[in-house]
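Here are the chains, one letter per residue:
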Amino acid sequence: MRTQKKTFPTWCRSCRRGYRHAAADTSERWRPNGTTDPTRNMWRLNKVRHKSGRQGDSLEELRLKRREHERALRQARRDRQLVSRRLLLTEDEDQAEVTMDTASEGQGVVDVFHKIHHSGPDREAHMKVLSKALRDPSAQLTFIKLENSMHLLVGLLTGSDARCRLQAARCLHELSRSPHRDVAPACLPATSYLLTYLSGQSTRFTELCLYTLGNLCPDSEVVQQKLLAQGIIPALASCMEIQRHNPAVVEAVGFTLSQLLQTNDAAVKVIPTVLASSLPAQLLSVLAPDPNFALAPAIESAWCLHYLTSSSRDNKELLSRGALLRCSSLLVSLGGAEGNKEEGLELLVCPLLRCVGNLLCCCPVEELNTAVADPQLVICLCALLQTYLQTQPALARESAWVLNNLTAHSNTFCSALLTFNLVSGMIHLLPFSQGINTLILRVLANIAHKKKDFCVQLAQLGLLSALCATLKMADQEMVTLSLDVLFMLVVSAPQVAEEFVQQGGVSLLEAIQYNSKGEMRGRATYLLEHHLLSQ
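Residues numbered from 1 in each chain as written. Predicted model: local features only at pLDDT ≥ 70, side-chain atom pairs only at ≥ 80, totals over all residues. Heavy atoms only, no water.

Q: Kindly report on the overall build of the protein chain, identifying the contributing residues and their values.
A: Across its full length, the protein chain holds 32 helices and 0 strands. Among the 535 residues that make up the protein chain, the fraction classed as buried is 54%. Counting only contacts in the protein chain whose residues sit at least 6 apart along the sequence, the fraction spanning at least 24 positions is 77%. Summing over all exposed atoms, the protein chain offers an accessible surface of approximately 22,800 Å²; the carbon and sulfur share of this is 49%. (Helix = DSSP H or I, 4+ residues; strand = E, 2+ residues; numbered from the N terminus. Buried < 20%, exposed > 50% of the residue type's maximum accessible area, 1.4 Å probe, protein only. Contact = heavy atoms within 4.5 Å. Areas by Shrake-Rupley, 256 points an atom, 1.4 Å probe, with all protein chains shown as cover.)

What follows is the structure, encoded as C-alpha cells:
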C-alpha cells in the first residue's frame, strides 16, 4: 500500500543534528554523536520531531564527545601549522635570517642584557641583537632567569623612546614564540601594556602586539585568565573597529581571537564574552562576497566563526546576525567558478563549510529558506565536491556533509538538486570511498523522503542501477543505507519496483537475505515479501 511510506522513520531528518562540526580527517566522526543508528527502526513508526529534546545524560555525553572532537581539530590545525605561533618579520629581514646563528660574535644573551642595562646611544642596536638572540630557545630561558630582565623590558616598552619601545616589543614577540612553558607566564608583566597599545596609531606596532598576545595564549591557563581579566576581548573588538580597513591588523586580530577560542575553557570563559561583544558582527563583515576582499583576514575570521559555531549550544546569536546567509553567500561566490583552486583557498573553504553545516543544524526549519536565500548553494557545494574529490577528499567529504544538512529539512534544496541536474553527478560518486559515498547516499535519501515524484525522478536518473552496485559492497553501512533508499523508491510507484526486478534486484536481495544477519537480512526479507515478489 502506498500509505506504508508514512511508517518510514524520518532518520534523514534527525541525522542533521548528529553531524555537529564534523571532522575533516576521520570518517567515524561523521557518525551521529551520542545517538543510535538512525536506520535501526526502519519499518517501525518512529516520529521524530524537529529539535526534539534529549535526556540530560545523553546531552552531557554529546557535549563531552563534541569537546573531544574539537580538541582533535585544534591539534590537527596545530599539526598543519595553521594555528602555530606566528613570527612577524621586520621589513629588513627575511625567513633565511631567522635560522642564522644569532650569537655568532660570541655575545651571549647575558652580555647583551648588561649592555642594554646601561643606558647609552647604542641601546637600540643592542636591543636588536637581543631580539635576534631570543630566537634561540635556550637563550629565552637564560633571559627570563636573569634578575630584573622582564622589568627592564617592560620599562623600555613603556618608555618615551619610540625606537627602544619597538625593539622591546620585538623581544617580547620572540619570547612569546618560546616552546618552553615557563616563558609565557614570565611575560605577564607586559600584557596590560600590550593591550593598551592595541588602540595606538601605529598599525605595524599594533600588529606586533597582537601576534605577541596571540602567541602567549595557547599553553598557559594563567596567561589566559590574566588576559581575560585584563579585558582582551573588548580590546580586540575595539582594535578591529578602529583598524577595520587595515587587512594586516584584521588578520592579526583574527589570529589572536582564534587562539583564545581554542583554549580548554573557551566554551565557558571566552565564547559568551565574545558573543556579547561586537566581534561576531565584525568577523562577519570581513566575509563579504567581494572579489577584491583580502584572503588572509577572511581565513582567520572564518576559523573564529567555526570555533564559535561548533562550541555554542544553539547559535541563536550568530543566526540572528545573519551568519548563515553571510557564510553561505561567500561559499557561493567561491564555488561559483567550478575548479577554482586559488592557492590557500582551501583554508577559507574548510571553516566556511563547517560554519554553514553547524548553523544549518540549529536553524529553525521555517527560517531555512530565508537564512539561505540562494538555491545556487547546492551548485557551489557540488562544485567544491568535484574540485576537491581527488586532491583533498576531506574537503569533498565536508561538502557532502553540508549538502546532507541542507537537504535534510528542505524541499526547496532537494528540488534544486534535481532542477540543476546535479543528481546524476552525485550518483556517479557512489562507488567513491573515504566516507563520501555514505554521505552522498544520505543526501539522495533526503531527496527520496520528500516526495514520491522525487523518487520516480531518482529512478529515472539511474539510481536503481547504482543501488544494485552498492548492495554488493562490503561496507555494511552502505548496504544498509542502500536498502533504506531502495525501500523509499519501490514504494513510491509500481513501475519503479518493476524496473528493479528487471535489473536483477531480486537475486541481490536474496543474496543479502541468506548471507547477512540481523537488520540487513530483515530489511531484505521485508522488501522481497511485501514489495517485490508480490508484484
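Q: Help me get a handle on the side chain of Ser-178, residues and values and all.
A: Examined against the element boundaries, Ser-178 turns out to sit in the loop between α8 (162-176) and α9 (183-186). Polar contacts involving the side chain of Ser-178 include one to the side chain of Gln-140, which spans 2.7 Å. Engagement of the side chain of Ser-178 in a polar contact is seen with the backbone nitrogen of His-180, the distance being 3.1 Å. (Polar contact = N/O pair within 3.5 Å; in protein donor to acceptor, adjacent residues only side chain to side chain.)

Q: With reference to specific residues and values, describe helix α31 (residues 505-515).
A: Along α31, the positions that sit buried rather than exposed are Gly-505, Val-506, Leu-508, Leu-509, Ile-512 and Gln-513. Around the axis of α31, the buried residues are gathered within 160° of arc, so they sit on the same side. Summarising the geometry of α31, the exposed residues directed more than 90 degrees from the buried face are Tyr-514 and Asn-515. On the buried face of α31, the contacting elements are α28 (463-470), α29 (476-490), α30 (494-502) and α32 (518-532). (Arc of directions from axis to C-beta.)

Q: Now, about the state of the cysteines: what can you tell me, with residues and values included?
A: Evaluated as defined, the whole model comprises 0 disulfides. Sulfur of Cys-363: no disulfide; nearest cysteine sulfur belongs to Cys-362 and is 8.8 Å away. According to the relative accessible area criterion, Cys-363 is buried, its value standing at 2%. (Disulfide = S-S within 2.5 Å.)

Q: For the pattern of salt bridges, give the residues involved together with the corresponding values.
A: What the rule picks out here adds up to 11 salt bridges. A salt bridge links Glu-124 to Arg-163, with the shortest nitrogen-to-oxygen separation between them at 3.6 Å. Here Glu-124, found in helix α5 (residues 123-133), pairs with Arg-163, found in helix α8; they are 39 residues apart in sequence, far enough to count as distant. For Glu-519, the salt bridge identified is with Arg-523, shortest N-O distance 3.5 Å. (Salt bridge = Lys/Arg side-chain N within 4 Å of Asp/Glu carboxyl O.)

Q: Provide a residue-level description of the confidence of the model for the protein chain, including the pertinent values.
A: Residues of the protein chain with pLDDT of at least 70 account for 78%, and the chain-wide mean is 81. In this model residues 1-58 is a low-confidence stretch, pLDDT under 50, and it forms 147 contacts with partners more than four residues away in sequence or in other chains. Note on residues 77-83: pLDDT under 50 across the span, and 12 contacts to partners over four residues away in sequence or across chains. (pLDDT = per-residue confidence, 0-100.)

Q: Report on the side chain of Gln-262, specifying residues and quantitative values.
A: The residue Gln-262 is located in the loop between α14 (247-261) and α15 (266-276) in this model. We classify Gln-262 as buried; its relative accessible area is 2%. A polar contact is formed between the side chain of Gln-262 and the backbone oxygen of Ser-258, at a distance of 3.1 Å.

Q: Tell me about the nonpolar core, residues and numbers included.
A: One finds Phe-143, Leu-417, Leu-444, Ile-447, Leu-463, Leu-489 and Leu-509 to be the most contacted residues of the largest nonpolar core, which totals 172 residues. No other element matches α29, which puts 10 residues into this core. Apart from the residues lying within four places of it in its own chain, the contact partners of Phe-143 are Val-109, Phe-113, Leu-130, Leu-134, Ser-149, Met-150, Leu-153 and Leu-175. (Core = buried A, V, L, I, M, F, W, Y, C linked by side-chain atoms within 4.5 Å.)

Q: Give a description of the packing of α28 against α29 that names residues and reports values.
A: Here α28 crosses α29 at 150°, and the two axes come no closer than 9 Å. When the axes of α28 and α29 are compared, the pair comes out roughly antiparallel. The two elements α28 and α29 cross, and the hand of that crossing is left-handed. Each of Leu-463, Leu-464, Leu-467 and Thr-470 in α28 lies in contact with α29, whose residues at this interface are Met-478, Val-479, Ser-482, Val-485, Leu-486 and Leu-489. (Axes fitted to C-alpha atoms, helices over the stretch in contact; angles between N-to-C directions. Parallel < 35°, antiparallel > 145°, perpendicular 65-115°, else oblique. Left-handed = near helix turned anticlockwise from the far one by under 90°.)

Q: Before we move on, can you summarise the environment of His-449 with the specific residues and values?
A: Inspection of the secondary structure assignment puts His-449 in helix α26 (residues 436-450). Overall, His-449 belongs to the buried group, its relative accessible area being 13%. Separated by 36 residues in sequence, His-449 and Val-485 place their C-alpha atoms 8.5 Å apart.

Q: An account of unusual backbone geometry is needed here, citing residue identities and associated values.
A: Phi is positive for Asn-315, which is not a glycine, with a value near 60°. For Asn-315, the location among the structural elements is in the loop between α17 (295-311) and α18 (316-320). With phi around 55°, Asn-421 is a residue other than glycine that occupies positive phi space. Along the chain, Asn-421 falls in the loop between α24 (411-419) and α25 (423-427). Judged by relative accessible area, Asn-421 falls into the exposed class, the value being 66%.

Q: Account for the packing of helix α23 (residues 393-407) against α26, naming residues and giving values.
A: Between α23 and α26, whose axes approach to 9 Å, the crossing angle comes to 15°. Relative to α26, the element α23 is oriented roughly parallel. Between α23 and α26 the crossing geometry is left-handed. Seen from α23, the contacting residues are Pro-393, Ala-396, Arg-397, Ala-400, Trp-401, Leu-403, Asn-404 and Thr-407; seen from α26, they are Ile-436, Leu-439, Ile-440, Arg-442, Val-443, Asn-446 and Lys-450. Of the residues in the contact of α23 with α26, the class split is 9 nonpolar, 3 polar and 3 charged. (Nonpolar A, V, L, I, M, F, W, Y, C, P; charged D, E, K, R; others polar.)

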